[in-house]
Amino acid sequence: MLRRLGAIVASTLLTTVPKSFSKQTAFYKMSTSAYSIVERGSPYSLDYRVFLRGPNGFISPFHDIPLYADKEQRIFNMVVEIPRWTNAKMEINKEERLNPIKQDVKKEKPRYVDNCFPHHGYIWNYGALPQTWEDPNHIDSNTQAKGDNDPIDVCEIGFKVHAQGSVVQVKVLGCFALIDEGETDWKILAIDVTDPLAKQLNDLSDIEQHLPGFLHASREWFKVYKIPQGKPANQFAFNGEPKNRDFALNIIDETHRYWTALMSQQGQAADISTHNTTVTGSATKIEQEDAQAIVDQAPPLGPAQPIPVEVDRWHYIRL
């Protein structure tokens, strides 16, 4: 079982550039290495926060990282919240200034997802596309349900286990339309552009050809993962069938427009902090001195707290 054993340093550079990569791949890796993390508090505790730094200082992973790594090629930046095989439910915090990554809370305790046999933790690198927003004031015409008030979720399906807080360049392949407690919750399927299979995976059909069973496993995971907590199985639009790349790209474009409206104060979201350090024309843009003060207010990095033993338990689901 993969568990985080605690951080050694407070600020960690996330990637390097292997010499064997092509020039284009090396460019994406260099773009990724422009970002690093600064940890505060104790991992697996309520005060743990992961702040992100860009080339010029602290940033919001929600607002400051560009959606596109390469707009012409339709390559996106993904912020990794949860490394594959892990259980801690980490997420970009919408409410706090600079939107650090933190562990979700349930019943005043750090939240973990259950292991629904045969899946252990998250079966992808899980995260979000920056500069997107699923508007809760909008009823989606495809799902007839409102948005879930979050940046759009991404499941990265390559072979690498990416570190929490990594910024990874991904190619979009398709999506699922999850209906989570009555809200539209798009799940974008994507692959790291440096993955050995990236050139062969260009659309939804390629996933089934090269990774047989993966789409079924992904749908099953989302359907059952809340059942051990006494909740019903999640539902999907389109009878659970995933949609192709072009459909997913249209959804991303739409959620980017909603984010743009949010930042221009045309969108309505009283519970979202739009503070940022780079967005031109934003009324909530702050200076690096203010950003540093926000980070300094968080407690220093401490030892990781024990993970509850029940997190390793298998749950056998009969639908």
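Given the structure is predicted, the values throughout are model-derived calculations rather than measurements.

Concerning the side chain of aspartate 185
Here's step 1: Note that aspartate 185 resides in strand S15 (residues 183-192).
Here's step 2: With relative accessibility at 5%, the residue aspartate 185 sits in the buried group.
Here's step 3: A distance of 2.9 Å separates a polar atom in the side chain of aspartate 185 from a polar atom in the side chain of lysine 187.
Here's step 4: With residues near it in sequence (within four places) discarded, aspartate 185 still touches Glu134, Asp148, Asp153, Phe176, Ala177, Leu178 and Asp180.

Looking at the pattern of salt bridges
Here's step 1: A complete count under the given rule lists 12 salt bridges for this structure.
Here's step 2: With its nearest N and O atoms 3.1 Å apart, the salt bridge here joins lysine 226 to glutamate 181. Separated by 45 residues along the polypeptide, lysine 226 in the loop between helix H3 (214-224) and strand S16 (235-236) and glutamate 181 in the loop between strand S14 (167-180) and S15 bring together distant segments of the chain.
Here's step 3: Given the relative accessible area of 10%, lysine 226 is considered buried.
Here's step 4: When salt bridges with common partners are traced through the structure, they connect Asp180, Glu181, Lys226 and Lys231 into a single cluster.

As for the nonpolar core
Here's step 1: With 52 residues, the main nonpolar core has Leu52, Trp124, Trp133, Ile157, Ile207, Trp221 and Phe222 as its most contacted residues.
Here's step 2: For this core, the element with the highest residue contribution is H3, accounting for five residues.
Here's step 3: If we skip the residues at most four places from it in the chain, tryptophan 124 touches Ile82, Pro83, Arg84, Cys155, Glu156, Ile157, Phe214, Ser218, Trp221 and Phe222.

Considerations on helix H4 (residues 245-263)
An α-helical segment advances 3.6 residues per turn. Residues three or four places apart therefore align on the same side.
Here's step 1: End to end, H4 covers 27 Å across 19 residues, agreeing with the expected 27 Å (1.5 Å per residue, within 8%).
Here's step 2: Of the residues making up H4, those classed as buried are Arg245, Phe247, Ala248, Leu249, Ile251, Ile252, Glu254, Thr255, Tyr258, Trp259, Leu262 and Met263.
Here's step 3: On its buried face, H4 sits against strand S6 (75-82), S14 and S15.
Here's step 4: Two residues or fewer past H4, glutamine 265 is found with a positive phi of approximately 70°.

So, the pairing of S15
Here's step 1: Counting buried positions along S15 gives nine out of 10 residues, so the element sits mostly inside the fold.
Here's step 2: Judged from the 10 bridges that link them, S14 and S15 form a sheet pairing that is antiparallel. Its bridge partner being in S15, cysteine 175 is matched across the sheet by isoleucine 188.
Here's step 3: In this structure, the hairpin formed by S14 and S15 is closed by a connection of two residues, where glutamate 181 is found at a positive phi of approximately 50°.

Reading the values: the criteria
- Residues numbered from 1 in each chain as written.
- Predicted model: local features only at pLDDT ≥ 70, side-chain atom pairs only at ≥ 80, totals over all residues.
- Heavy atoms only, no water.
- Helix = DSSP H or I, 4+ residues; strand = E, 2+ residues; numbered from the N terminus.
- Buried < 20%, exposed > 50% of the residue type's maximum accessible area, 1.4 Å probe, protein only.
- Polar contact = N/O pair within 3.5 Å; in protein donor to acceptor, adjacent residues only side chain to side chain.
- Contact = heavy atoms within 4.5 Å.
- Salt bridge = Lys/Arg side-chain N within 4 Å of Asp/Glu carboxyl O.
- Core = buried A, V, L, I, M, F, W, Y, C linked by side-chain atoms within 4.5 Å.
- Expected span 1.5 Å × (residues − 1).
- Pairing = 2+ DSSP bridges.

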